[in-house]
Amino acid sequence: MNNAQPQKNSPAERVQQSLKKRYRAEARFRAFGAFSVILGLAALLVLFVKIISSGIGAFQQTYIKLDLAYDESVLGISDPRDEDQLAVANFEGAIRAALLTRFPSVTARSDKRALYSMVSIAAAFELQDELRHAPDLLNKRRQYWLLADDDLDTYFKSLKAGDPYLGRVSPQQVEWITSLIEAGEVRKQFNRRFFTSGDSAEAEMAGILGALIGSLLTLAVTLVLSFPIGVGAAIYLEEYAPANKFTDFIEVNINNLAAVPSVIFGLLGLAIFLNMFGMPRSVPLVGGLVLTLMTLPTIIISSRAAIKSVPQSIRDAALGMGASKMQLILHHVLPLAMPGMLTGAIIGMAQALGETAPLLMIGMVAFIVDIPGSIDDPATVLPVQIFLWADSPERAFVERTSAAIMVLLGFLIAMNALAIWLRQHLEKRW
Amino acid sequence: MNLSPDDRAELKYKTVGEKFSETPKLKIRGLNVSYAEKQAIFDVNLDIGSNEVIAMIGPSGCGKSTFLRCINRMNDTVDSCRVEGSIQLDDMEICDDKVDVVPLRARVGMVFQKPNPFPKSIYDNVAYGPRIHGLASRRSELDGLVETSLRRAGLWDEVKDRLLQPGTSLSGGQQQRLCIARTIAVSPEVILMDEPCSSLDPIATAKIEELIAELSENFTIAIVTHSMQQAARVSRRTAYFHLGQLIEVNDTQHVFTNPDHQLTEAYITGRFG
Amino acid sequence: MDKLHLDQHISHQFNEDLEHLRTKLLEMGGLVEDQLKDAIKAVETADGGLAEKVIETEDEVDRREMALDHESISLLARRQPAASDLRLVMMVTKATRDLERMGDEANKIAKMAIALNNEGGESARGYVELRHLARNVIRLVSIALDAFARFDVESAMKVVREDKNIDTEYRSAVREMITYMMEDPRAISRVMNIMWALRALERIGDHARNIAEQVIYLVHGTDVRHTSIGDIEKKLQEKLEAH
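Treat the numbers as computed from the prediction; the structure is a model and nothing was measured.

A. Representation of the overall build of chain B in the model. Helices and strands together make up the secondary structure of chain B, namely 10 helices and 11 strands. For chain B, whose C-alpha radius of gyration is 19 Å, the value lies close to the compact-globule estimate of 19 Å for 273 residues. Summarising its shape, the C-alpha atoms of chain B cover approximately 60 × 40 × 35 Å along the three principal directions. Pairs at least 24 residues apart make up 70% of the contacts formed inside chain B by residues separated by at least 6 positions.

If you want it as structure tokens, here you go:
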């Protein structure tokens, strides 16, 4: 027999036995973690796929090719350089004439109305714009790609996808469209309008720009107000405030404020800014003020954390050199805490960007077609726009909702990327 | 001899040895320091002579660092800390709330346990003190001051070609010498060192010790150290603290061959248990 | 009682090292003491064999001296002793040297015994003085070693004081020897040998005093070498009052 053989219950033996059990437990533990991650990723993937697949269509729009003339008689004008004449010019008449020329068989009144509705009313404005820029085109005939109505757009896109949506088009219209498609006179092109115009009741005319600018203006107001105030408050609380009950009370309240539902801030804004100070409704200024209230706790908390993370050794070094409190803060604490503060601010901004509820309370939910030019113009913001479109009955708004979500997500990702970049490039090692 | 942790601070010892100096730079009288309810230093009386190196030794929590931090009022940063008594730097009273700590800290510099250069360039680290205290009006003057300070800290040859690199890129020993250069750039009269070598390897430690010997020609140096050998090597006098009380101050040679107090003896021979 | 608290270090190994050093020194002291006694006995009884044994023991003493020095050095290097520990190690190195010298002197006496033996003759002149001095010196050595064993300053002081008497006795014995030589010129070479032995005993007394002085330094940290007895007593008095 071999002497080296371990005894039945030697420690080494027992360790060996328990090892297997331990390895199994380790593997289970790891698998559980991996499973959680995969689950999260899958949910995210489903969300992205869903949004992108339903929203991607909104970046293209259907156009119809028509042979069209800027006929003096049809338009009813003589001088296209005259703004007054242009304003009253009957471009719709020109489009209708072109449609009738294309489909000469249509004679009945109701049929004509159905035919006319295939082209968006926005097409007339496009023609008007073109004539304004090129007055020489008057009385000339050429081919135009005209913006199709959203119902036709929806039908055309669903047709391409193999599942034609007939809910909003009549059999007659289908017939006309089919003939247009066969003649190659229908096509999709990039939807510039989506990025360059404001909201509209007509889905094919509705764009995101108004909400985007509204969001930017609101965020600008929020940032300008909340960052300096938040950082200032954080510095005071961290560096100057005496440690007493009152300071503790303030601290507890700031932490609580961060957890207050955002709609409460909306009510607060409504009561104070609109009712008490009589500020206008629906403007980015008030939206920014309300979001400032909401973001401040986040910024204060993250700034305080950033200030706290400045090592004591650096403070000692500066104080030991004879730096005053202000010199300590300005020369050492702020530069070292800045990446953390900026990250906190950007995360607060991202939170504000996605906020809807408080803005509803101060009237930023209004239907606003114009693109806001300043912080006191009525405006809406991206999430509210999404909310509005999601609420609209037209099928064409469904894809616009998804497209707007994509824009919003893109914005958020960009802001988070900025936060990461700032952290990496401003952070100093010590 | 066997001190249990229970015979705490109530024990009162009379400081033995040579407390006073004929050429005092700092005169500490009746110094009591307490944190909240706990007293950290009991009635310390001590002179620190001009251009002398005095080492403070004692077990952890004996109050030697607290004592050191009183001398440049670094204890002010601790809210609960209360200091009573008198510390005179030449004729200036330090322990007075009316005293502005900014000029005081320009006169009493401090080097800390962990090398703590600012996350700035080597040049800016050394130039920081002169800048905030307005010691150099022209750029060339500042350059000169930086070079002199780095030379005196024995660091110039190692960093002269990379003054604009961050101070944190240096090795631990170099960082600590940079901190010393930064301190001496404002020409203090007293330099306090709080365990300056505790995070350094023996060679870096030897360099710092060598530097302390050189600096003692121009500065009064008070050093707190956990290494008794270091105290024995660098200091002229050694002060032994025990539970917040100054037990013994004597010539270093005397303390390490034949200490007067049995607590000192027990500590330096490693007999505490 | 162990006044130096050698056993109270945080490091047990250190306690053991120091204790070992002390024990080894005492062993070496015992060896030298025996050597001395044997040498005197060899002279008295004209025992050549015993004298040879003394001479042989010398090698062992030398070996022990080297071993102790080695241990002391290693302790200095590894432990960096301070205060009383440092004084103990320094004292041991010095006392080792003194003991080794004592061994040498005992050796000389043994050689003397052999020489006396070879010369033959029956004259017992000088033996009385030699025996008397030897008894006192042996006692002195034993007290000195005892003072070290117990870190006893009182005993050490006794050695310092008695060494004075040894010196006086030595001088008077030398005068006796000179008288013998004048009385009986034939015995000159024999008496000269006795004189060498007396000289050796006087030196041994000096070494014992050295050890005693080291014990005082060890216990009180006061250097009492080259100091008059009165001054030593004064210093020790001050020391005791200071505590």
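B. Local environment of the overall build of chain C. Secondary structure summary: chain C contains seven helices and zero strands in total. Taken from the N to the C terminus, the helices and strands of chain C come in the order α-α-α-α-α-α-α. The C-alpha radius of gyration of chain C comes to 20 Å, within 12% of the 18 Å expected for a compact globule of 243 residues. Seen along its three principal axes, the alpha-carbon backbone of chain C occupies a region of about 65 × 40 × 25 Å. The proportion of buried residues among the 243 residues of chain C is 45%. At a minimum sequence separation of 6, the contacts of chain C that also span at least 24 residues come to 77%.

C. Fine view of unusual backbone geometry. Located in the positive-phi region is N139(A), a residue other than glycine, with phi close to 70 degrees. Inspection of the secondary structure assignment puts N139(A) in the loop between α6 (122-133) and β2 (141-147). Here A83(C), not a glycine, exhibits a phi torsion of approximately 45 degrees, which is positive. Counting through the fold element by element, A83(C) comes out in helix α3 (residues 83-119).

D. Fine view of the interface of chain B and chain C. On the chain C side, the residues contacting the 15 residues of chain B number 16 residues. When residues of the side of chain B that touches chain C are traced back to their parent elements, those giving at least two are α8 (228-234), α9 (252-257) and α10 (262-268) of chain B.

E. Geometry of the sheet that holds strand β1 (residues 60-69) of chain A. Residue and element names in this part refer to chain A. Judged by pairing direction, the sheet is antiparallel, and its three strands sit side by side in the order β2-β1-β3 without closing on themselves. Two strands bound the open sheet, and with one partner strand each, they are β2 and β3 (186-190). Neighbour-to-neighbour, the strand axes of the sheet open up by a mean angle of 40 degrees, direction not taken into account. Packing of helix α4 (residues 91-102) onto the sheet brings it into contact with β1 and β2, and relative to β1 it is tilted by some 85 degrees.

F. Spotlight on the environment of V365(A). All names here are of chain A. Looking at the secondary structure, you find V365 in the loop between α16 (357-361) and α17 (382-390). V365 sits 156 residues away from L209 along the chain, and the two C-alpha atoms are 15 Å apart. Beyond its immediate chain neighbours, meaning those up to four positions away, V365 contacts L360, T380, V384 and L388.

G. The confidence of the model for chain B, seen in detail. Residues and elements named next belong to chain B. On average, chain B scores 89 in pLDDT, and the residues at 70 or more come to 96%. The element-level mean pLDDT for chain B is lowest in strand β1 (residues 16-17), coming to 86, with strand β9 (residues 220-224) highest at 96. Counting interchain partners and residues more than four positions distant, the pLDDT-below-50 stretch residues 1-9 has nine contacts.

H. A look at the interface of chain B and chain A. Taken together, the contact pairs 21 residues of chain B with 17 residues of chain A. At four residues, helix α3 (residues 122-133) of chain B tops the list of elements feeding residues into the side of chain B that touches chain A. By residue class, the composition of the side of chain B that touches chain A is 10 nonpolar, seven polar and four charged.

I. Region of the structure containing the arrangement of the chains. Here two pairs of chains are in contact, and chains A and B lead that list by number of contacts. Contact between chain A and chain C is absent, and the least distance between their C-alpha atoms amounts to 31 Å.

J. Highlighting α6(A). Residue and element names in this part refer to chain A. The terminal C-alpha atoms of α6 lie 17 Å apart, and with 12 residues this matches the ideal 16 Å at 1.5 Å per residue to within 8%. Restricting attention to buried positions, one finds in α6 the residues A123, A124, L127 and L131. Angularly, the buried residues of α6 cover 100 degrees about the axis, an arc narrow enough to put them on a single face. Facing away from the buried surface of α6 by more than 90 degrees, the exposed residues are D129, R132 and H133. Tucked inside the fold, the buried residues of α6 contact α3 (83-88), α4 and β2.

K. Just the nonpolar core, in detail. A39(C) and V215(C) are the most contacted members of the largest nonpolar core, which has 225 residues in total. When neighbours within four sequence positions are excluded, V215(C) is seen to be in contact with A147(C), F148(C), F151(C), V153(C) and A156(C). Counting residues in hydrophobic clusters, the runner-up holds 29 residues, among them Y63(A), L75(A), L99(A) and I177(A).

L. Geometry of the environment of G288(A). Residue and element names in this part refer to chain A. Position of G288 among the secondary structure elements: in helix α13 (residues 284-308). Overall, the presence of 24 C-beta atoms within 10 Å leaves G288 in the buried class. Measuring from C-alpha to C-alpha, the distance between G288 and A352 comes to 8.9 Å, with 64 residues separating the pair along the chain. If we ignore the near neighbours within four places in the chain, the residues touching G288 are T218, V221, T222, L225 and I375.

M. Looking closely at helix α11 (residues 245-258) of chain A. Here α11(A) contains 14 residues, and its C-alpha end-to-end distance of 20 Å stays within 8% of the 20 Å for a straight helix at 1.5 Å per residue. The element α11(A) is barely covered by neighbouring structure, given that only zero of its 14 residues are classed as buried.

N. Broad picture of the packing of α3(B) against helix α4 (residues 139-152) of chain B. All names here are of chain B. Where α3 meets α4, the closest approach of the two axes is 9 Å, and the angle between their N-to-C directions is 110 degrees. Regarding the angle of α3 to α4, the classification is roughly perpendicular. In this structure, α3 meets α4 at a crossing whose hand is right-handed. Within the contact between the two elements, α3 uses Y123, V126, A127 and P130 and α4 uses L142, L145, V146, S149 and L150. Its residues assigned to classes, the contact of α3 with α4 shows eight nonpolar, one polar and no charged.

Conventions used here
- For every chain, the first residue of the written sequence is number 1, and numbering continues from 1 along that sequence.
- Think of it this way: whatever chain is written first is A, whatever ligand is written first is 1, and the rest follow in order.
- Given that the model is predicted, a residue must reach a pLDDT of at least 70 before its local features are reported, and side-chain atom pairs must reach 80 or more before they are shown or counted; all residues, however, enter totals for whole chains, interfaces and linings.
- A helix here means a DSSP run of H or I that spans at least four residues, while a strand means a run of E at least two residues long, and both kinds are numbered starting from the N terminus.
- The quantity called the radius of gyration is restricted to C-alpha atoms. Its globule counterpart is 2.2 Å times the number of residues to the power 0.38.
- A pair of residues counts as a contact when their C-beta atoms, built from backbone coordinates, are within 7 Å of each other.
- Exposure in this text rests on C-beta crowding, where 20 or more other C-beta atoms within 10 Å of a residue's own make it buried, 12 or fewer make it exposed, and counts in between make it partly exposed. The C-beta atoms are placed from the backbone.
- A pair of strands is labelled paired if DSSP reports no fewer than 2 bridges between them.
- Helix axes use the C-alpha atoms of the stretch in contact, all axes being lines fitted to C-alpha atoms, and the angles between their N-to-C directions lie in the range 0 to 180 degrees.
- Predictor confidence is given residue by residue as pLDDT, running from a minimum of 0 to a maximum of 100.
- Three classes are used: nonpolar for Ala, Val, Leu, Ile, Met, Phe, Trp, Tyr, Cys and Pro, charged for Asp, Glu, Lys and Arg, and polar for all others, with Gly counted as polar.
- Multiply 1.5 Å by the residue count of a helix minus one, and that product is the helix's expected span.
- Here the arc refers to the set of directions running from the helix axis out to each C-beta atom.
- What makes a nonpolar core is a set of buried Ala, Val, Leu, Ile, Met, Phe, Trp, Tyr and Cys residues, with links drawn between C-beta atoms within 7 Å.
- The labels follow the angle: roughly parallel below 35 degrees, roughly antiparallel above 145, roughly perpendicular from 65 to 115, and oblique for the rest.
- Rotating anticlockwise by less than a right angle from the far helix to the near helix defines a left-handed crossing, while the corresponding clockwise rotation defines a right-handed one.

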